[in-house]
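Reading the structure
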Amino acid sequence: MDMQTSFLDRLFDAGLLIDTGIDGLYGRSGQFEDVIAAFERLIDTFGGADGAEAMRFPPGMNRAFFEKSGYMKSFPQLAGTVHSFCGSELDHVSLLECMEVGEEWTKGQEATDIVLTPAACYPLYPTVAKRGNLPKTGGLFDLQSYCFRHEPSKDPARQQLFRMREYVCMGTEQHVTDFRQRWMDRGVEMMKAVGLEVTIDIANDPFFGRAGKMLANNQRDQNLKFELLIPITSVAKPTACMSFNYHQDAFGTKWGLNLEDGSVAHTACVGFGLERIALALFHHHGLDVKQWPASVRKTLWG
Ligand code: ATP
Ligand code: ZN
Ligand code: MG
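Residues numbered from 1 in each chain as written. Chains lettered and ligands numbered in written order. Predicted model: local features only at pLDDT ≥ 70, side-chain atom pairs only at ≥ 80, totals over all residues. Heavy atoms only, no water.

Looking at an unreviewed UniProt entry, one finds the protein named Amino acid--[acyl-carrier-protein] ligase, with Rhizobium pisi as its source organism.

1. Examining a nonpolar patch on the surface
Together, Leu-96, Met-99 and Trp-105 give the surface a local cluster of nonpolar side chains, amounting to about 280 Å² of exposed area. Topologically, Trp-105 is positioned in the loop between helix H5 (89-100) and strand E6 (110-116). For Trp-105, a relative accessible area of 36% gives the class partly exposed. (Patch = residues over 30% accessible without salt bridge, like charges linked within 9 Å, V, L, I, M, F, W, Y side chains within 5 Å. Areas by Shrake-Rupley, 256 points an atom, 1.4 Å probe, with all protein chains shown as cover. Salt bridge = Lys/Arg side-chain N within 4 Å of Asp/Glu carboxyl O. Helix = DSSP H or I, 4+ residues; strand = E, 2+ residues; numbered from the N terminus. Buried < 20%, exposed > 50% of the residue type's maximum accessible area, 1.4 Å probe, protein only.)

2. Topic: the nonpolar core
Counting residues in hydrophobic clusters, the biggest one holds 48 residues, and the most contacted among them are Phe-39, Trp-183 and Phe-272. In terms of nonpolar packing, the next biggest core, distinct from the first, is built from 31 residues, Val-168, Phe-207, Ala-216 and Leu-259 among them. (Core = buried A, V, L, I, M, F, W, Y, C linked by side-chain atoms within 4.5 Å.)

3. Describing the pattern of salt bridges
Scanning the model with the defined rule gives 15 salt bridges in all. Where Glu-275 meets Arg-28, a salt bridge forms, and the shortest distance between an N and an O atom there is 3.5 Å. Placement of the pair is Glu-275 in helix H10 (residues 274-285) and Arg-28 in strand E2 (residues 26-28), with a sequence separation of 247 residues. When sorted by exposure, Glu-275 lands in the same class as Arg-28, which is buried. A salt bridge links Arg-165 to Asp-44; the nearest nitrogen and oxygen atoms lie 2.6 Å apart. Of this pair, Arg-165 sits in strand E8 (residues 161-171) while Asp-44 sits in helix H2 (residues 30-47); the two residues are 121 residues apart in sequence, bridging distant segments of the chain. Exposure remark for Arg-165: the relative accessible area of 1% places this residue in the buried category. Look at Asp-44 and you get partly exposed, because its relative accessible area is 36%. Linked by salt bridges that have partners in common, Glu-40, Asp-44, Arg-56, Asp-142 and Arg-165 make up one network.

4. A word on the sheet that holds strand E5 (residues 81-84)
In spatial order, the strands read E4-E6-E5; together these three strands make up an open sheet with antiparallel pairing. Both outer strands of the open sheet, strand E4 (60-62) and E5, are each paired with one neighbouring strand and no more. Each strand of the sheet is rotated relative to its neighbour by a mean of 50°, with strand direction disregarded. Judged from the three bridges that link them, E5 and E6 form a sheet pairing that is antiparallel. Across the sheet, Thr-81 pairs through a bridge with Val-115, a residue of E6. (Pairing = 2+ DSSP bridges. Axes fitted to C-alpha atoms, helices over the stretch in contact; angles between N-to-C directions.)

5. A closer look at the pairing of E8
Burial runs high along E8: ten of the eleven residues are buried. As paired elements, strand E7 (residues 139-148) and E8 share ten bridges and run antiparallel to each other. Counted as the bridge partner of Gly-139 is Met-170 from E8. Note: E8 against strand E12 (residues 266-273), eight bridges, orientation antiparallel. When the bridges of E12 are listed, Met-164 appears paired with Gly-273.

6. Considering the pairing of E12
Among the eight residues in E12, eight count as buried, and that is most of the element. Of the two faces of E12, the one carrying His-266, Ala-268, Val-270 and Phe-272 and the one carrying Thr-267, Cys-269, Gly-271 and Gly-273 are both buried. The pairing of strand E11 (residues 239-246) with E12 spans five bridges and is antiparallel. Note on E12: the bridge partner recorded for Ser-243 is Gly-271.

Dropping the structure here:
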């Protein structure tokens with residue numbers, strides 16, 4: 001049995017994660033949720049004074065916005081769409097017959113206007129663009145959403161439906177790169193406060209296909225993405241528990257996000273992988289929260 005399977009099995013055995021029969025789709029216990037809630041309060045403590053505007057979107061987004069985002073160009077392999085039955089009574093009869101005999105019944109399902117949210121910040125840009133120009137001070141937003149990515153895995157840190165907490169900053173290049181640096185420093189400090197050793201490294205998104213290799217190299221060459229890594233299922237390949245992304249003016253241009261003086265806004269976003277952070281804590285301090293170091297418990301629960 002490899003290490004990944006055993007950590008997942010230990011999480012199941014402890015009841016922290018609940019098996020649904022699907023890799024990467026888990027229920028979570030009250031204890032697991034309590035760790036996430038405590039860590040989110042810690043995030044609030046670090047980010048609270050910045051005056052971010054909080055918004056919460058559901059885990060599905062407007063398909064038209066998703067299409068415009070270009071997600072299918074870069075990550076078609078990860079996307080999830082919501083389809084529904086839209087047929088007649090006759091279609092219903094054949095659907096049930098199909099199911100009865102164990103034939104493929106989903107072929108007649110039709111795409112709805114909703115797709116599953118791939119990252120917490122995707123619904124934000126069109127929402128902010130609708131408001132008109134951003135104020136001189138730019139924009140700062142606090143988001144949290146379940147996100148879907150079709151990447152089934154036995155690694156408990158790679159889930160298909162997971163929560164991402166994000167701060168998104170819009171403004172001048174200087175403004176948003178300062179924001180990103182501030183959260184890199186805070187990320188290291190926060191993880192230290194909960195007893196986790198971290199490294200920060202340059203990273204790239206998993207762009208699809210051969211053309212994607214070039215996009216990934218470009219992203220690295222320009223220092224557009226950093227990750228905060230913590231060993232969870234492997235020391236050699238530690239897990240990204242936070243990411244720090246600078247989009248330059250790409251989203252500003254795409255969505256028509258402008259500053260007060262009419263110039264195109266630059267944007268950056270910082271994401272916390274909430275399940276991954278909880279898993280890092282359980283992996284490092286043990287599955288019994290009562291046994292965690294007093295200093296860690298104090299940071300999380302006062
Ligand atoms: P990875 O490199 O591990 O695939 P990513 O670079 O795709 O992660 P981002 O797109 O930057 O991740 O997403 C922001 C954060 O969301 C990540 O830093 C991570 O903590 C979390 N995250 C991403 N994918 C998953 C997943 N499949 N399961 C759980 N958490 C995830
Ligand atoms: Zn984002
Ligand atoms: Mg990555």
